[in-house]
Amino acid sequence: METTATDFATDVIEASRTKPVLVDFWAPWCGPCRQLGPTLEQLDAERDDWTLVKLNVDEHNDVARQYGVRGIPAVKLFVDGTVTAEFTGALPRHAVEQWLDEHLPTPEKKAIGKAQTALDEGRREDAVALLEPIVDGETQEPEADLLLATAVVFDDPERAASLVDSLDVAAPDLRQQREAVETLSRLLTDTPDLPDTEAAATYQAALNALREERFDDALEQFIEVVRTDRDLDDDGARKACVALFTLLGPEHPATQAHRRAFDTSLY
């Protein structure tokens, strides 16, 4: 389907609320566009889980500028009215198929998105209810395992550790989240051999607060240990702070209250 600037809102934005829309930004003079176009058209004819829409950038450069098109062919996937993935250049068919499989929404991916929202809002039980069927199902969704581990780490740290054990996640933010779960699982289950010092007593109090989910108290005491005895429990206080900030997120009140003090304590 060819679209215009006038019809773009209907053909792409509104239509993508029902079915994902793949927009091919192209021009007749563009050699790579002539290579990629037939591939997209063939895939569109073979599949019914997305719709192909083509936009001639020479005729509708205002729309191209609006969506940040700087080179063509540019392909953007619209879902629920917004761009959720994109690539530039003439990819071979197998690469386009792999890209589609990675980025097209599925019931599992939608549930994962809802679970992430629930976690962000502190609704851990709702997140667990959404994630359990995915983790127990046949579809391999590493992000679901990671989110479930995040949701249960304070209630069942041993299960959280097993969920992320050998979990293969490539994205840096997901790797950091996995490491945070591993750190907190250890701190919540292990009994460290601590010396008889004031810093160790503060560290133990921080661990107790962590297990009771008193995050403000835990962070305050961990930060004090970072200032006074950084090496205690193999740098455990610093690792605990990083893990908590990662899993609580930047908008959590405890993160906002203590992140600056933590950063200052490192220097």
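So, here's what we can say about the structure.

What counts as what
- Just so you know, the residues in each chain are numbered from 1, in the order the chain's sequence is written.
- With pLDDT at 70 or above as the cut-off, local features in this predicted model cover only qualifying residues; side-chain atom pairs require 80 or more to be listed or tallied, and sums for whole chains, interfaces and linings still use all residues.
- Hydrogens and waters are ignored; side-chain quantities use all the structure's heavy atoms.
- Cysteine sulfur atoms are paired as a disulfide whenever they fall within 2.5 Å.
- Each residue's exposure class comes from its accessible area (1.4 Å probe, protein chains only) as a fraction of the maximum for that residue type: buried when under 20%, exposed when over 50%, partly exposed otherwise.
- Runs of E in the DSSP output that reach at least two residues are strands. Runs of H or I that reach at least four are helices, and both are numbered from the N terminus.
- What counts as a salt bridge is simple: a side-chain nitrogen of Lys or Arg found within 4 Å of a carboxyl oxygen of Asp or Glu.

### Overview of the state of the cysteines
Alright, step 1. A complete count under the given rule lists one disulfide for this structure.
Alright, step 2. At a sulfur-sulfur separation of 2.5 Å, the disulfide partner of C30 is C33. Of note, the bridge from C30 to C33 carries an S-S torsion of about 80° and is right-handed in sense.
Alright, step 3. C33 gets classed as buried once you look at its relative accessible area, which sits at 4%.

### Notes on unusual backbone geometry
Alright, step 1. Geometrically, the link from I72 to P73 is a cis peptide bond, its omega value of 0° lying close to zero.
Alright, step 2. In this structure, P73 sits in the loop between α3 (61-66) and β3 (74-79).
Alright, step 3. Although it is not a glycine, E213 adopts a positive phi angle of roughly 60°.
Alright, step 4. On the secondary structure map, E213 appears in the loop between α10 (198-211) and α11 (215-228).

### What to know about the pattern of salt bridges
Here the idea is simple: oppositely charged side chains can pair when their charged atoms come close.
Alright, step 1. For the structure on display, the rule yields 21 salt bridges.
Alright, step 2. Residue E14 is joined to R17 by a salt bridge in which the shortest nitrogen-to-oxygen separation is 3.6 Å.
Alright, step 3. The partner of R214 in a salt bridge is D217, and the shortest N-O contact between them spans 2.7 Å.
Alright, step 4. D217 sits in the partly exposed class, given a relative accessible area of 32%.
Alright, step 5. Each of D24, E41 and K54 takes part in salt bridges that share partners, so that together they form one network.

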